[in-house]
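Examination of the molecular architecture
Residues per chain are reported as follows:
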Amino acid sequence: MKISEMLLPEFDQEMASTRKILDCVPEDKFAWKPHTKSMTLGRLASHVAEMPQWSLFTINQDKLELTPDMKPFNAATKAELMGALDKNAAAAREAIAGASDEHLGKIWTLIYAGQPVFAMPRAAVLRSMVMSHMIHHRGQLSVYLRLNDVPIPGMYGPSADNK
């Protein structure tokens, strides 16, 4: 079985769970944040929606160079948020499906402010820096939503809100 065939069922499941939780984000709470050092709810949700796009960077480029002056995606509306997720997830799925084992085994590098952060095989980047990273921020998002009394959908079975 190809690496992409092993990754895609997990990717599909995580995208479905991500869509469920992003669909709960109230547009009127986009500016809310739990702490002065925290991202706003809208920015965190936007980050989760943009994470699948990292699959494209990982598959289509040998490295990604981030700079401190880069502006991240920040949805202004719920429709923009959901549209970004759907577009990014569809493009990511297509890129993963089309990647050969040889290509997924090649080293990919993340650079920030001119300094290498890590270098690892593309398949590992897809698993850790795309999916696990998105799952991590989705967990944060569930806490933000809970603090705003928004019911949380189950991700890996029922949640306390849908038992």
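Up top is the structure.
For the rest of this paragraph, the subject is the overall build of the protein. When helices and strands are tallied, the protein shows 6 helices and 3 strands. For the protein, the succession of helices and strands along the chain, N to C, is α-α-α-β-α-α-β-β-α. In terms of overall size, the protein behaves like a compact globule, its C-alpha atoms giving a radius of gyration of 16 Å where 163 residues would be expected to give roughly 15 Å. Structurally, the protein occupies a C-alpha span of about 45 × 40 × 25 Å along its principal axes.

Moving on, we come to unusual backbone geometry. Of note, Ala113 is a non-glycine position whose phi angle comes to about 50°, a positive value. Counting through the fold element by element, Ala113 comes out in the loop between β2 (107-112) and β3 (115-121). Despite not being glycine, Asp149 shows a phi value in the positive range, around 60°. With respect to the element layout, Asp149 can be found in the segment after α6 (122-147).

To continue, consider the sheet that holds β3. With mixed pairing, the 3 strands of this open sheet are ordered in space as β1-β2-β3. Only two strands of the sheet have a single partner each, and these edge strands are β1 (63-66) and β3. Strand-to-strand twist across the sheet, computed as the mean angle between neighbouring axes with direction ignored, equals 10°. Across 6 bridges, β2 lies against β3 in antiparallel orientation. Bridge pairing links Thr109 to Ala119 in β3.

This part covers α6. For α6, which comprises 26 residues, the first-to-last C-alpha distance of 36 Å matches the rise-based estimate of 38 Å (1.5 Å per residue) to within 8%. Of all the bends found along α6, the most pronounced is centred on Ser132 and spans about 25°. At the exit of α6 stands Asp149, carrying a positive phi of roughly 60°.

Judged by nonpolar contacts, the single largest core of 43 residues is most densely connected at Leu22, Val25, Leu81, Leu141 and Leu145. Among the secondary structure elements, those contributing two or more residues to this core are α1 (3-22), α2 (41-50), α3 (53-60), α4 (78-98), β2 and α6. In terms of residue count, α6 provides more of this core than any other element does, 9 residues in total. Not counting chain neighbours up to four residues away, the residues in contact with Leu141 comprise Ile21, Leu22, Val25, Leu41, Leu44 and Ala45.

With that out of the way, let us pick up the pattern of salt bridges. Counted under the stated rule, the structure contains 8 salt bridges. Among the salt bridges present, the one from Arg127 reaches Glu10, with a minimum N-O distance of 3.0 Å. Of this pair, Arg127 sits in helix α6 while Glu10 sits in helix α1, and the two are 117 residues apart along the sequence. On the basis of relative accessibility, which here comes to 23%, the residue Glu10 falls in the partly exposed class. Asp12 is the salt-bridge partner of Arg93, the closest N and O atoms lying 2.7 Å from each other.

Let's shift gears to the packing of aromatic side chains. Following the criterion strictly, the structure yields 3 aromatic pairs and no others. Measuring from ring centre to ring centre gives 5.6 Å for Trp32 and Tyr144, while their planes differ by 80°; the resulting arrangement is edge-to-face. Of this pair, Trp32 sits in the loop between α1 and α2 while Tyr144 sits in helix α6, and the two are 112 residues apart along the sequence. With relative accessibility at 26%, the residue Trp32 sits in the partly exposed group. Between the aromatic rings of Trp108 and Phe118, the centroid separation amounts to 6.0 Å while the plane-to-plane angle is 45°, which identifies the pairing as tilted. One end of the pair, Trp108, is in strand β2; the other, Phe118, is in strand β3, with 10 residues separating them in the sequence. A relative accessible area of 0% places Trp108 in the buried class. Overall, the relative accessible area of 16% leaves Phe118 in the buried class.

About the criteria used
Residues numbered from 1 in each chain as written. Predicted model: local features only at pLDDT ≥ 70, side-chain atom pairs only at ≥ 80, totals over all residues. Heavy atoms only, no water. Helix = DSSP H or I, 4+ residues; strand = E, 2+ residues; numbered from the N terminus. Rg over C-alpha atoms; globule rule 2.2 N^0.38 Å. Pairing = 2+ DSSP bridges. Axes fitted to C-alpha atoms, helices over the stretch in contact; angles between N-to-C directions. Expected span 1.5 Å × (residues − 1). Bend = angle between axes of the 7 residues up to and from the residue. Core = buried A, V, L, I, M, F, W, Y, C linked by side-chain atoms within 4.5 Å. Buried < 20%, exposed > 50% of the residue type's maximum accessible area, 1.4 Å probe, protein only. Contact = heavy atoms within 4.5 Å. Salt bridge = Lys/Arg side-chain N within 4 Å of Asp/Glu carboxyl O. Phe/Tyr/Trp six-rings, centres within 6.5 Å; stacked < 30°, edge-to-face > 60°.

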